[in-house]
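# Observations on the three-dimensional arrangement
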Amino acid sequence: MEQTMKDETRTIAVTVNGTKRQAEVEPRELLVYFLRDHLGLTGTHVGCDTSQCGACTILLDGRSVKSCTILAVQADGAEITTVEGLAREGALHPVQEGFGEKHGLQCGYCTPGMIMSAVYLLKSNPRPSEEEIRRALEGNLCRCTGYVNIIEAVKWAAAASKK
Amino acid sequence: MFPANFGYVAPRSLQEALELLDKHGEDAKLLAGGHSLIPAMKLRLARPGCLIDLGRLPGLGGARIEGDSLAIGALTVHADVASSELVRRRLPGLAEAASLIGDVQVRNRGTIGGSVAHADPAADFPVILTALNASFVLVSPSGSRAVSAEDFFVDFYTTALAANEVLTEIRVPLPSPGAGTSYAKLPHPASGYVVVSAGALVIRQPSGLCASVRVAIGGLGSVPFRARATEAALQGQQLAPEIIAAAAAKAAEGADPDDDVYAGADYKRHMATVYARKAIEAAASNKR
């Protein structure tokens with residue numbers, strides 16, 4: 001059991017989008033800044049920084065979480081998926097495609113978080129009702145208020161994935 | 001926005017956690033899911049010198065039957081309380097409360113033990129767990145004790161947890177056949193926190209009369225408020241809508257809520273009667 005003192009750093013190892021990454025972090029480093037600043041994965045956005053807006057949503061060991069409210073040290077050993085890890089061999093994930101097809105974004109700030117929440121929903125519920133989509137996105141805010149098209153984008157992705 | 005500097009250690013056993021807590025004393029804070037503590041640390045409302053991360057302790061997640069109680073590990077996340085077959089079947093009011101906390105991502109990370117130990121007056125679990133007469137298992141180097149929800153919640157963010165204790169388990173007595181549980185909530189539209197909420201446990205006699213009832217209300221004070229006037233008015237009565245409504249109308253009797261920027265005290269008292277009625281009606285009709 002390794003103890004890290006104040007002002008010391010600690011080595012953590014995580015698997016991000018299938019690649020093992022290792023880094024020295026301060027205990028107070030938040031996971032979202034670790035992803036952005038240490039790993040250069042700036043697709044995960046910092047919005048409110050107070051666990052409200054969901055712009056920083058990622059999958060941590062397969063579950064959607066707000067990475068602004070998790071310490072990087074807590075994620076040591078975990079598997080992480082960010083929006084950069086969704087495309088396969090150059091082909092966008094159906095949810096990403098859906099946001100394009102249905103104009104599910106305006107300024108784009110909330111988009112990575114919305115996409116990650118939608119991906120998480122469709123993993124466990126591939127044919128969600130509109131009500132289920134709305135509930136699944138309750139932890140993601142769009143300040144452009146583009147919700148209608150975001151919901152259409154998720155519906156599109158569900159229909160596309162089924163094929 | 002970062003928390004102030006702190007030291008960090010992730011014990012691998014409860015024994016190690018207790019030793020660390022003993023060593024660091026008041027300078028240490030226990031970290032579970034971090035969904036109350038990390039925001040508080042960012043705002044400098046909490047500034048521990050050392051975090052003891054319980055996240056890697058084995059055996060503190062999941063729900064199981066233990067004698068005549070449901071035992072829920074303190075590290076069980078809200079989403080797992082909400083989706084547990086066992087909880088949904090035996091204590092649907094508890095599953096409902098868990099499903100109404102925060103949002104999907106928060107429920108994937110926040111833990112029942114963390115919520116209880118944080119004792120936010122606008123949290124959901126303290127209310128339903130008071131209604132269900134739950135107790136909390138607190139372990140210290142000298143042994144363990146079980147404290148009832150009503151004795152555990154002392155004041156705003158203040159519990160009976162001693163500085164050298166770890167909350168390991170939540171124990172909820174399994175209601176007898178013919179009992180129902182429910183939780184109803186008026187959430188703040190932006191934050192999702194409780195403005196007013198009500199938890200109810202209703203035990204019916206085969207005749208349909210109310211054998212016993214417990215009602216707890218959130219949002220009326222620093223800790224969950226037992227609506228004793230409502231309970232007394234229902235005891236031994238037929239569980240008919242008009243009788244439930246008349247009893248629920250007494251839900252805020254004896255409570256002294258504060259005005260706040262979102263809701264005035266009178267409004268909260270009125271909402272207490274509305275949500276008490278919803279919770280009791282649902283518990284009375286959802287016989288299990």
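Now for a description of the structure that goes with this document. (Residues numbered from 1 in each chain as written. Chains lettered and ligands numbered in written order. Predicted model: local features only at pLDDT ≥ 70, side-chain atom pairs only at ≥ 80, totals over all residues. Heavy atoms only, no water.)

## Description of the overall build of chain A
Across its full length, chain A carries five helices and six strands. From first element to last, N terminus to C terminus, chain A shows the α and β order β-β-β-α-β-β-β-α-α-α-α. What you see for chain A is a C-alpha radius of gyration of 16 Å, in line with the 15 Å of a compact globule of 163 residues. Expressed as lengths along the three principal axes of its C-alpha atoms, the size of chain A is roughly 50 × 30 × 25 Å. Looking at chain A residue by residue over its 163 residues, the buried ones come to 52%. Relative to all contacts within chain A whose residues are 6 or more apart in sequence, the contacts with residues 24 or more apart total 54%. Carbon and sulfur atoms make up 48% of the accessible area of chain A, which totals about 7,600 Å². (Helix = DSSP H or I, 4+ residues; strand = E, 2+ residues; numbered from the N terminus. Rg over C-alpha atoms; globule rule 2.2 N^0.38 Å. Buried < 20%, exposed > 50% of the residue type's maximum accessible area, 1.4 Å probe, protein only. Contact = heavy atoms within 4.5 Å. Areas by Shrake-Rupley, 256 points an atom, 1.4 Å probe, with all protein chains shown as cover.)

## A few points about the nonpolar core
Residue and element names in this part refer to chain B. Core analysis: the biggest nonpolar cluster contains 40 residues, and L94, V116, F125, L129, F136 and I170 have the highest contact counts within it. In terms of residue count, the dominant contributor to this core is helix α8 (residues 125-131) (five residues). Taken domain by domain, the makeup of this core includes at least three residues from each of domain 2 (63-173) and domain 3 (179-285). With residues near it in sequence (within four places) discarded, F125 still touches H78, V81, L94, A98, I101, I112, S115 and V116. (Core = buried A, V, L, I, M, F, W, Y, C linked by side-chain atoms within 4.5 Å. Domains from an automatic or database assignment.)

## Quick word on the interface of chain B and chain A
How big an interface is tends to be expressed through the accessible area that disappears when the partners come together. Counting from both sides, the interface comprises 43 residues of chain B and, opposite them, 40 residues of chain A. Looking at the side of chain B facing chain A, the largest losses of area belong to N5, Y8 and Q105 of chain B, adding up to 22% of the total buried there. Linking chain B with chain A are four salt bridges, by the criterion used here. With its nearest N and O atoms 2.7 Å apart, the salt bridge here joins E138 of chain A to R107 of chain B. At the junction of chain B with chain A, the criterion picks out 23 residue pairs in polar contact (both at pLDDT 80 or more). Residues belonging to the side of chain B that touches chain A are distributed by class as follows: 22 nonpolar, 12 polar and nine charged. For strand β1 (residues 3-4) of chain A and strand β1 (residues 7-9) of chain B, the ladder comprises two bridges, and the chain directions are antiparallel. Considered in β1 of chain B, the bridge of Q3 of chain A is made with V9 of chain B. (Buried area = accessible area lost by both parts, 1.4 Å probe. Salt bridge = Lys/Arg side-chain N within 4 Å of Asp/Glu carboxyl O. Polar contact = N/O pair within 3.5 Å; in protein donor to acceptor, adjacent residues only side chain to side chain. Nonpolar A, V, L, I, M, F, W, Y, C, P; charged D, E, K, R; others polar. Pairing = 2+ DSSP bridges.)

## Quick notes on the packing of helix α11 (residues 241-248) of chain B against helix α12 (residues 265-285) of chain B
All names here are of chain B. Relative orientation of the contacting elements α11 and α12 amounts to 140°, with a least axis distance of 8 Å. One way to sum up the angle between α11 and α12 is to call them oblique. Relative to α12, the crossing made by α11 is right-handed. Across the interface between the two elements, P241, I244, A245 and A248 from α11 touch T273, A276, R277, I280, E281 and A284 from α12. Partitioned by chemical class, the residues of the contact of α11 with α12 number seven nonpolar, one polar and two charged. (Axes fitted to C-alpha atoms, helices over the stretch in contact; angles between N-to-C directions. Parallel < 35°, antiparallel > 145°, perpendicular 65-115°, else oblique. Left-handed = near helix turned anticlockwise from the far one by under 90°.)

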